[in-house]
Amino acid sequence: MDLIYLDNNATTKVAPEVLEVMLPYFKEEYANPSSIYEFAKKANHTVRDSRGVIKDFLNAANEKEILFTSCGSESANTAIRGVLNMNKNKRHIITTKVEHPCVLNLYQTLEKEGYKVDYIGVNSNGELDLAQLEEAINYDTALVSIMYANNETGVIYPIEKISEIIKSKNKETKFFVDAVQAAGKIPIDVQALGVDLLGISGHKFHAPKGVGVLYVNSKTLITPLIIGGHQERGKRAGTENVPYIAGIAKAAELAMDSMNYELTEVKRLRDKLESGIIKNIFNSRINTSISNRVPNTTNIGFEYIEGELILLHLSDLGICASSGSACTSGSLEPSHVLRAMNVPFTAIHGSIRWSLSRYTKESEIDYVLKVLPGIIDKITALSPYQDELANLKRLRG
Ligand code: PLP
């Protein structure tokens, strides 16, 4: 049975070209890039050149604004703690209700440490309440942290507009953007966006797990999260992970080359999957269908049934997708993102995130569209909500 992998927002496969550029640094070129002998030159130049590639990938003004980290979570933690440590007199911070846990849980920790926090809400399409954001920013606001694209729904937030709102209310407030789900899917231009800090993670765009980037513009000062040697201009200690740094740079090059494909062909396949499901399965609903989404993601609710059951049936056929639920202390909590969007309780437990990549084939989408109605029928037949389902069928015909 061939694997059909439609969970690319969880992680992606390493591109063969990426693996190829990494291998020499595990074998012949294992030098520490900080060493001064000739043997270390290649490793040193690879880190330097990779920084240049990532500068271009994000359209940063200068290589010095690029820090290599171990993951998206580290980038977010470094940005948020780093900015707050430099601005100890300010005690107010803002984020949204739909952030990834690497931001949301950190903000909750900061709240316990005495920060006043505002969590901005979203509407039923997952779009941010910009008026609430504007109202929340005040003279004491040290930092705003808002993601570029949501990992569960794919909704893209208007970062450029948000930057303008922030700076018009308080020029000193710093703006961090978690762009982990945007990198490789839509172009990122940190200068046009007007952001102060921005984080990405390699494993979401065909580099391996264990490498990330933090962009920090030259006007923004941060303290390091990891204290030690002088690496990354003193902002992130630890010997540079040369093979992974080479890998994320190659993945960024490939992403720039395939951006057009991503925006057209990957989107076409995503739209085909989405409309095929909605057309053929009466108890399905798109949780947000706005056009301003990354091209690879859709989130679809199946009413009156459990998402975990759907995933298990899909898994039996080699199909990987994901539900928004996080298993906490033995109980299945519905996704905080879908809850913030007020997705009806009839659909929230049966919501599935499908995320494609440039490796997704049309035949795979066709296969999912062929087998999914049978799976949903089987599960629906066992639902305790037969009267409600019959009503829904009558309504939707
Ligand atoms: N931010 C977003 C939006 C994500 O989707 C993820 C991972 O799922 C992260 C941050 C964390 O990235 P990492 O797994 O590299 O720590």
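Residues numbered from 1 in each chain as written. Predicted model: local features only at pLDDT ≥ 70, side-chain atom pairs only at ≥ 80, totals over all residues. Heavy atoms only, no water.

## A closer look at the overall build of the protein chain
When helices and strands are tallied, the protein chain shows 14 helices and 15 strands. Taken over the C-alpha trace, the protein chain has a radius of gyration of 22 Å; the compact-globule value for 397 residues is 21 Å, and the two agree within 12%. Dimensions along the principal axes, computed over C-alpha positions, put the protein chain at roughly 70 × 55 × 40 Å. Expressed as a percentage of the 397 residues in the protein chain, the buried residues total 56%. Restricting to contacts in the protein chain with at least 6 residues of sequence separation, those with at least 24 account for 73%. In the form shown here, the protein chain has an accessible surface area of approximately 17200 Å², with 53% of it arising from carbon and sulfur atoms. (Helix = DSSP H or I, 4+ residues; strand = E, 2+ residues; numbered from the N terminus. Rg over C-alpha atoms; globule rule 2.2 N^0.38 Å. Buried < 20%, exposed > 50% of the residue type's maximum accessible area, 1.4 Å probe, protein only. Contact = heavy atoms within 4.5 Å. Areas by Shrake-Rupley, 256 points an atom, 1.4 Å probe, with all protein chains shown as cover.)

## Here we look at the sheet that holds strand S6 (residues 174–178)
Judged by pairing direction, the sheet is mixed, and its seven strands sit side by side in the order S2-S8-S7-S6-S5-S3-S4 without closing on themselves. The open sheet terminates on both sides in strands that have one partner only, identified here as strand S2 (66–69) and strand S4 (116–120). For this sheet, the mean inter-axis angle between neighbouring strands, taken without regard to orientation, is 20°. (Pairing = 2+ DSSP bridges. Axes fitted to C-alpha atoms, helices over the stretch in contact; angles between N-to-C directions.)

## Focus: unusual backbone geometry
In this structure, His 206 is a non-glycine residue whose phi angle is positive, near 75°. Its identity as a non-glycine residue notwithstanding, Asn 342 has a phi of 60°, on the positive side. With respect to the element layout, Asn 342 can be found in the loop between helix H11 (336–340) and helix H12 (345–348).

## Here's the deal with the domain arrangement of the protein chain
Along its sequence, the protein chain is organised into domain 1 (4–10 + 259–396) and domain 2 (16–257). The straight-line distance from the C-alpha centre of domain 1 to that of domain 2 is 30 Å. Contacts between domain 1 and domain 2 engage 28 residues on the former and 32 residues on the latter. Both faces considered, domain 1 and domain 2 share a buried interface measuring about 2500 Å² in area, 55% of it formed by carbon and sulfur atoms. Across the contact surface, domain 1 and domain 2 share zero salt bridges. Linking domain 1 to domain 2 there are 14 residue pairs in polar contact (both at pLDDT 80 or more). Elements with a minimum of two residues in the side of domain 1 that touches domain 2: helix H9 (259–280), strand S10 (297–302) and H11. Per element, the largest residue contribution to the side of domain 1 that touches domain 2 is four residues, and it comes from H11. (Domains from an automatic or database assignment. Buried area = accessible area lost by both parts, 1.4 Å probe. Salt bridge = Lys/Arg side-chain N within 4 Å of Asp/Glu carboxyl O. Polar contact = N/O pair within 3.5 Å; in protein donor to acceptor, adjacent residues only side chain to side chain.)

## Let's talk about the environment of Asn 292
In this structure, Asn 292 sits in the loop between strand S9 (284–286) and S10. When the C-alpha positions of Asn 292 and Ile 156 are compared, they lie 5.7 Å apart, and in sequence the two are 136 residues distant. Beyond its immediate stretch of four places on either side in the chain, Asn 292 contacts Gly 154, Val 155 and Ile 156.

## Quick look at the packing of aromatic side chains
Throughout the structure, instances matching the rule amount to four aromatic pairs. Here Phe 26 and Tyr 244 contribute two aromatic rings whose centre-to-centre distance is 6.3 Å and whose plane-to-plane angle is 85°, an arrangement assigned as edge-to-face. A residue pair is termed long-range when its members are at least 10 positions apart, and Phe 26 in the loop between helix H1 (16–22) and helix H2 (41–58) and Tyr 244 in helix H8 (residues 242–257) qualify at 218 residues. The class for Tyr 244 is partly exposed, based on a relative accessible area of 21%. Taking 5.2 Å as the distance between ring centres and 40° as the angle between the ring planes, the aromatic pair formed by Tyr 304 and Tyr 385 counts as tilted. Within this pair, whereas Tyr 304 is found in the loop between S10 and helix H10 (307–316), its partner Tyr 385 is found in the loop between helix H13 (362–381) and helix H14 (386–396), the two being separated by 81 residues in sequence. Stacked on the ring of Tyr 359, the Lys or Arg Lys 13 has its end atom at 4.4 Å from the ring centre. (Phe/Tyr/Trp six-rings, centres within 6.5 Å; stacked < 30°, edge-to-face > 60°. Lys NZ or Arg CZ within 6 Å of the ring centre and 35° of its normal.)

## Remarks on the sheet that holds strand S12 (residues 322–323)
Within a sheet, adjacent strands bond to each other through the backbone by hydrogen bonds, running parallel or antiparallel. Here four strands make up an open sheet; going across it, the order is S9-S10-S15-S12 and the pairing antiparallel. Edge strands, defined here as strands with exactly one partner in the open sheet, are S9 and S12. Relative to S10, S9 is paired through three bridges, and the arrangement is antiparallel. Bridge assignment links Arg 285 to a residue of S10, and that residue is Gly 301. Packing of H10 onto the sheet brings it into contact with S10, S12 and strand S15 (351–355), and relative to S15 it is tilted by some 45°.

## Thoughts on the confidence of the model for the protein chain
Mean pLDDT over the protein chain stands at 96; residues scoring 70 or higher make up 97%. Segment residues 326–330 is flagged for pLDDT under 50; beyond a separation of four residues in sequence, or across chains, it makes five contacts in the model. (pLDDT = per-residue confidence, 0-100.)

## Some thoughts on the site of the ligand
As a structural note, the neighbourhood of the ligand is formed by 13 residues, with Ser 73, Asp 178, Gln 181, Ser 201 and Lys 204 the closest of them. Lys 204 has a polar side-chain atom sitting 2.5 Å from an oxygen atom of the ligand. Considered on its own, the ligand offers 390 Å² of accessible surface; in the complex 88% of this is hidden by protein. Looking at the shell around the ligand, its residues break down into four nonpolar, seven polar and two charged. (Near = heavy atom within 4 Å. Nonpolar A, V, L, I, M, F, W, Y, C, P; charged D, E, K, R; others polar.)

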